[in-house]
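Topology and contacts: notes
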Amino acid sequence: VALADRIRADRHARDEAVAERVQASAQRAATQEALDERTRFVAAVMHDLQQPLYALSLAAQSLERHPAAPSLEAPLSQMNSAIESAGRLLSSMTMLVRLDRASVTPDIVAFSMQGLIERLDTMFAPLARQRGLQWRANPTLARVQSDPDLVERMLSNLIANAIRYTEHGGVLVTCRSRRAGLLVQVWDTGPGIEAAALEGLFEEHVRGPGAQEGDRGLGLGLSIVLRCAGLLGVKLSVRSVPGKGSSFGCLIPWAHESLG
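Below is a summary of the structure that appears in this document. Since the structure is predicted, the reported quantities are computational estimates derived from the model, not experimental observations. (Residues numbered from 1 in each chain as written. Predicted model: local features only at pLDDT ≥ 70, side-chain atom pairs only at ≥ 80, totals over all residues. Heavy atoms only, no water.)

A few words now on the pattern of salt bridges. Taken as a whole and judged by the stated rule, the model has 2 salt bridges. Here Arg-119 and Glu-152 are joined by a salt bridge, their closest N and O atoms 3.0 Å apart. Here the residue Arg-119 occupies a position in helix H3 (residues 113-130), and Glu-152 occupies one in helix H4 (residues 148-165), the gap between them amounting to 33 residues. A relative accessible area of 41% places Arg-119 in the partly exposed class. Look at Glu-152 and you get buried, because its relative accessible area is 16%. (Salt bridge = Lys/Arg side-chain N within 4 Å of Asp/Glu carboxyl O. Helix = DSSP H or I, 4+ residues; strand = E, 2+ residues; numbered from the N terminus. Buried < 20%, exposed > 50% of the residue type's maximum accessible area, 1.4 Å probe, protein only.)

Pasting the structure below:
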């Protein structure tokens, strides 16, 4: 009798375990389906937004050439700023959708970092000066092994954040040799980050402690950096001193011919 009871109990436990696995599998499938549907919807919305945003950009350029443009300098500046912000947000959301859909396949090649640093310098030097900040991007002869487009996206997001949250002082980009690769760091003299806030800093929709009330950022930049770093095998680092500034680093593997 005891043996029969034990057999029945074991069979019942196995049946319950199977039922729980089936239920968990169904829940995962439903969750994934909902995520896929949301991703498709967001992708469609962003695709539809590109055309009116482009039309607004053309309209702003047309107004800048209008004879009355000098009298419209202030509103034109605001319009261009709004269009640029919307463009950056759209670009970030497009990248997040691609990451969600696993449609980003890294193209790992050996390349020189100097060309990338020069592009970043051209892109961000005017923005830093416009905000009254000092700016410097140190040159480098290093060659690394990674996806140049994704590395540029990561560094662009880090630099954009540094400029956004820095009100006084400046932003510096440095390249330093380490045994495992090239350490590219973005330094700023912003408000800094408390140690307790560093843990969740790279999560989506988390904004830095220096974010202002009118800041249009959605806290997507660092999330994209983290996910791209995971795809590329790039090690991230953060150092910050409240009231003095922060440093975000990306350790990019050396190009194969640079090893040894």
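A few words on H4. The α-helix advances 3.6 residues per turn, and as a result positions three or four apart in sequence lie on the same side. Spanning 18 residues, H4 covers 26 Å between terminal C-alpha atoms, matching the ideal 26 Å at 1.5 Å per step. The N-cap residue of H4 is Asp-147: its side-chain oxygen and the backbone nitrogen of Asp-149 are 2.9 Å apart. (Expected span 1.5 Å × (residues − 1). Polar contact = N/O pair within 3.5 Å; in protein donor to acceptor, adjacent residues only side chain to side chain.)

The subject of this paragraph is the side chain of Ser-240. Mapped onto the elements, Ser-240 comes out in strand S6 (residues 235-241). In terms of polar contacts, Ser-240 uses its side chain to reach the backbone carbonyl oxygen of Gly-245, at 3.3 Å. Only 2.8 Å separates the side chain of Ser-240 from the side chain of Ser-246, close enough to count as a polar contact. With residues up to four places along the chain from it excluded, the contact list for Ser-240 reads Gly-192, Ile-193, Gly-245 and Ser-246. (Contact = heavy atoms within 4.5 Å.)

What follows concerns the nonpolar core. Among the nonpolar cores identified, the biggest contains 45 residues, and Met-113, Trp-135 and Leu-155 are the most heavily contacted of them. Counting residues per element, the ones that place at least two in this core are helix H2 (73-100), H3, strand S2 (134-137), H4, strand S4 (170-178), strand S5 (181-188), helix H5 (221-232) and strand S7 (245-253). Ranked by residue count, the leading element in this core is H4, at 9 residues. (Core = buried A, V, L, I, M, F, W, Y, C linked by side-chain atoms within 4.5 Å.)

With that settled, the discussion passes to the sheet that holds S6. In space, the 5 strands of this open sheet follow the order S2-S4-S5-S7-S6, with mixed pairing throughout. Both outer strands of the open sheet, S2 and S6, are each paired with one neighbouring strand and no more. The sheet shows a mean angle of 20° between the axes of neighbouring strands, taken without regard to direction. Pairing between S5 and S7: 8 bridges, direction antiparallel. Counted as the bridge partner of Gln-185 is Gly-249 from S7. The strands touched by H3 within the sheet are S2, S4, S5 and S7, with S2 carrying the most contacts at an inclination of about 170°. (Pairing = 2+ DSSP bridges. Axes fitted to C-alpha atoms, helices over the stretch in contact; angles between N-to-C directions.)

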